[in-house]
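Here's the letter readout for the chains.
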Amino acid sequence: MYVDPNFKTKKAFKEAVAAGKRVVVFSPGPFPAPQNGHATIEGPHFPAAHTWYATCQVKDGVVVKGSVK
C-alpha cells in the first residue's frame, strides 16, 4: 500500500498526518487498499522505492492516525 502525497520520509508522513493534512491510501495492484481499519504502507513509491514503512489507521480511505504501533 502507498499514500498520496508521495512522502520521501516516514517523518514527513507522520508530520503531515499529525498536522491534519489529507493523506489517502492506495494500492497500484489488483488488490484494493483498505478503506477502513489498519494498513501497512511503504514509501516513497517513486523514484527511490520503499525506503520506509509504517502502519496507520484508515477511515474512508484517508489516514486518520499514523504509526499505530
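Note that the structure is predicted; figures quoted are calculated from it, not measured.

A. The arrangement of the overall build of the protein chain in detail. If you tally the helices and strands in the protein chain, you get 1 helix and 5 strands. Counting helices and strands in the order they occur from the N terminus, the protein chain gives β-α-β-β-β-β. Here the C-alpha atoms of the protein chain give a radius of gyration of 11 Å, agreeing with the 11 Å that 2.2 N^0.38 yields for 69 residues. Each principal axis of the C-alpha distribution contributes one length, and for the protein chain these read about 30 × 30 × 20 Å. Going through the 69 residues of the protein chain one by one, you find that 30% of them count as buried. Considering only contacts within the protein chain whose residues lie at least 6 apart along the sequence, 48% involve residues at least 24 apart.

B. Structural context of the packing of aromatic side chains. In the structure shown here, the tally under the stated rule is 3 aromatic pairs. Ring centres of Phe 13 and Trp 52 lie 5.5 Å apart, and the angle between their planes is 20°; on these two criteria the pair is classed as stacked. Taken together, the residues span a long stretch of sequence, with Phe 13 in helix H1 (residues 10-18) and Trp 52 in strand S4 (residues 52-59) at a distance of 39 residues. By the burial criterion, Phe 13 is buried, and Trp 52 matches it. Three or more aromatic residues joined by ring pairs make a cluster, and in this case those are Phe 7, Phe 13 and Trp 52.

C. Layout of H1. Burial in H1 covers these residues: Phe 13, Ala 16 and Val 17. The arc that holds every buried residue of H1, seen down its axis, measures 95°, which confines them to one face. More than 90 degrees from the buried face of H1, the exposed residues found are Lys 11 and Ala 18. Tucked into the core, H1 has its buried residues touching strand S1 (2-4), strand S3 (36-43), S4 and strand S5 (62-66). At the exit of H1 stands Gly 20, carrying a positive phi of roughly 85°.

Scoring rules and cut-offs
- Residues numbered from 1 in each chain as written.
- Predicted model: local features only at pLDDT ≥ 70, side-chain atom pairs only at ≥ 80, totals over all residues.
- Heavy atoms only, no water.
- Helix = DSSP H or I, 4+ residues; strand = E, 2+ residues; numbered from the N terminus.
- Rg over C-alpha atoms; globule rule 2.2 N^0.38 Å.
- Buried < 20%, exposed > 50% of the residue type's maximum accessible area, 1.4 Å probe, protein only.
- Contact = heavy atoms within 4.5 Å.
- Phe/Tyr/Trp six-rings, centres within 6.5 Å; stacked < 30°, edge-to-face > 60°.
- Arc of directions from axis to C-beta.

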